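As a plain string of letters, each chain reads:
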Amino acid sequence: MGTHVSSPLRSEGSKSLLHYVEAGDPQARPIVLLLGLGMRLEEWPQHWIARLAKTRRVIRIDNRDAGRSPQYGPDQDQTAVDIWMKQDAKSAAQATSYTLYDMCDDVLDVLDYLGITEFDLAGFSMGGLISQLVAATAGDRVGTFVQLASGDGSNNVDGQSEAMQRMSRLFVAPPSDAALRQFLIEDAIFYSAGALSATDDLVTEVERFCALGYAHGGAARHALAVLGTDDRTDYLKRITARSLILHGDQDPCIAAERGRRAAALIPYARFELLLGVGHVLDADMLDLAAKFLLNDTAVGD
């Protein structure tokens, strides 16, 4: 995969930088990758990272309150459960200790620290929301942007009630490690819209992530940030990057219409609806994303 550099937590003045991992040629054009609520950078499929890293510098970043990035509070939050399930944006705005704007600034701080002026960008779910703000703020520094299974810049969260409940039950630590593993297996199957099943491979993958650690309080604060950040649709109109918006038609967390609206708001965007795909890093979705990021002629503008 080429060079592989893992950052320690660094400080720039009094502010800690996010944790990041690099792969590929450090002199190549960077691709920056951001993940969703409660996720850690190890959840990007390794074979996909290897594909990008053959010709590009790939930078995966742990959002604040996830993975090895700084934590911003206790490791569970029952209050967030109630706010999330009621979809109470006003209470979320009052309760949140940071917003998606802060999470965007975190990413730009890492890129400034690394001296990166121009880059391409991809974000999944909440990572897509953060990426929208990064692309809008960075302007022509971003050449290509891919949004995977994400929203339209509004703070409306209109996922299925079961999806909302499954997210919120992880804002508080389950009674045992075994319960956490079972929740994550069940959730993976549900979010995939039935594409996944409880195979040995899935169980092994979940056990690996559990061993790395799950930040329950971080996931809760991510949810409050998503719900409590104000409307950002005007930011989408400022994105100048060549953009591809990918969404599954069976996504139980974010309605596909949100992705379609995002593509309508972003000036140079095209929308692809993937049939039978849920809220997962689907193989076909990642294939389209890679082709677009690598400027493969098989995927047009």
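First things first, this report covers the structure right here in the doc. Keep in mind that what you see is a predicted model, and the values were worked out from it rather than measured.

1. Things to note about the overall build of the protein
Across its full length, the protein holds twelve helices and ten strands. Reported as C-alpha extents along the three principal axes, the dimensions of the protein are approximately 45 × 45 × 40 Å. Evaluated residue by residue, the protein yields a buried proportion of 56% over its 301 residues. Of the contacts formed within the protein by residues at least 6 apart in sequence, a portion of 77% connects residues at least 24 apart. For the protein, the accessible surface area stands at approximately 12300 Å², while carbon and sulfur atoms represent 49% of it. Each charge sign in the protein was given a centre, from 28 positive and 41 negative side chains, and these centres are 3 Å apart.

2. Structural notes on the environment of Leu184
Within the secondary structure, Leu184 sits in helix H7 (residues 177-191). Owing to a relative accessible area of 17%, Leu184 belongs among the buried residues under this scheme.

3. Quick notes on the packing of helix H1 (residues 46-53) against helix H12 (residues 283-293)
One can describe the packing of H1 onto H12 by two numbers: an axis separation of 10 Å at closest approach and a directional angle of 15°. In terms of orientation, H1 and H12 fall into the roughly parallel class. Considering the relative orientation of H1 and H12, their crossing is right-handed. Along its contact with H1, which presents Trp48, Arg51 and Leu52, the element H12 presents Leu286, Asp287, Ala289, Ala290, Lys291 and Leu293. Its residues placed into classes, the contact of H1 with H12 shows six nonpolar, no polar and three charged.

4. Comments concerning the pairing of strand E4 (residues 20-24)
Of all five residues in E4, five are buried, a share of seventy percent or more. Here four bridges tie E4 to strand E6 (residues 57-61), and the two strands are oriented antiparallel to one another. Following the sheet pairing, Tyr20 is matched in E6 by Ile61.

5. With respect to the pattern of salt bridges
Here the idea is simple: oppositely charged side chains can pair when their charged atoms come close. Evaluation of the coordinates by the stated rule reveals 21 salt bridges. Notably, a salt bridge pairs Arg261 with Asp152, separated by 3.2 Å at the nearest N-O pair. Of this pair, Arg261 sits in helix H11 (residues 256-265) while Asp152 is found in the loop between strand E8 (142-148) and helix H6 (161-168), placing the two residues 109 residues apart along the sequence. Here Asp152 falls in the buried class, since its relative accessible area comes to 1%. Ionic pairing is found between Asp187 and Arg166, a salt bridge with its closest N-O pair at 2.9 Å. Of the two residues, Asp187 is situated in helix H7 and Arg166 in helix H6; the sequence distance between them amounts to 21 residues. Among the residues examined, Asp187 registers a relative accessible area of 3% and is labelled buried. What makes Arg166 buried here is its relative accessible area of 13%. Each of Glu162, Arg166, Arg169, Glu186 and Asp187 takes part in one network of salt bridges that share partners.

6. Side note on H1
Within H1, the full set of buried residues consists of Trp48, Ile49, Leu52 and Ala53. Axial view of H1: buried residues confined to an arc of 135°, hence all on one face. For H1, the elements touching its buried residues are E4, strand E5 (30-34), E6 and H12.

7. Points about unusual backbone geometry
Unusually for a residue other than glycine, Asp65 sits at a positive phi of about 70°. The residue Asp65 is located in the loop between E6 and helix H2 (78-86) in this model. Judged by its relative accessible area of 0%, Asp65 falls in the buried class. Here Gln87, not a glycine, exhibits a phi torsion of approximately 50°, which is positive. Counting through the fold element by element, Gln87 comes out in the loop between H2 and helix H3 (89-95). Its relative accessible area of 27% is what places Gln87 among the partly exposed residues.

8. Things to note about the nonpolar core
Within the largest apolar cluster, 39 residues are counted, with the highest numbers of intra-cluster contacts made by Ile61, Phe119, Leu121 and Ile130. Broken down by secondary-structure element, the contributors of at least two residues to this core are E5, E6, helix H4 (100-113), strand E7 (119-124), helix H5 (126-138), E8, helix H9 (216-228) and H11. The element that contributes the greatest number of residues to this core is H5, accounting for eight residues. In contact with Ile61, not counting residues within four places along its chain, are Leu18, His19, Tyr20, Val32, Leu33, Leu34, Leu41, Val107 and Val110. Counting 27 residues, the second largest nonpolar core, distinct from the first, contains Val58, Val277, Leu281 and Ala289.

Reading the values: rules and limits
- Residues numbered from 1 in each chain as written.
- Predicted model: local features only at pLDDT ≥ 70, side-chain atom pairs only at ≥ 80, totals over all residues.
- Heavy atoms only, no water.
- Helix = DSSP H or I, 4+ residues; strand = E, 2+ residues; numbered from the N terminus.
- Buried < 20%, exposed > 50% of the residue type's maximum accessible area, 1.4 Å probe, protein only.
- Contact = heavy atoms within 4.5 Å.
- Areas by Shrake-Rupley, 256 points an atom, 1.4 Å probe, with all protein chains shown as cover.
- Lys, Arg positive; Asp, Glu negative; His and termini not counted.
- Charge placed at Lys NZ, Arg CZ, Asp CG, Glu CD.
- Axes fitted to C-alpha atoms, helices over the stretch in contact; angles between N-to-C directions.
- Parallel < 35°, antiparallel > 145°, perpendicular 65-115°, else oblique.
- Left-handed = near helix turned anticlockwise from the far one by under 90°.
- Nonpolar A, V, L, I, M, F, W, Y, C, P; charged D, E, K, R; others polar.
- Pairing = 2+ DSSP bridges.
- Salt bridge = Lys/Arg side-chain N within 4 Å of Asp/Glu carboxyl O.
- Arc of directions from axis to C-beta.
- Core = buried A, V, L, I, M, F, W, Y, C linked by side-chain atoms within 4.5 Å.

These figures come from the coordinates and say nothing about function on their own.
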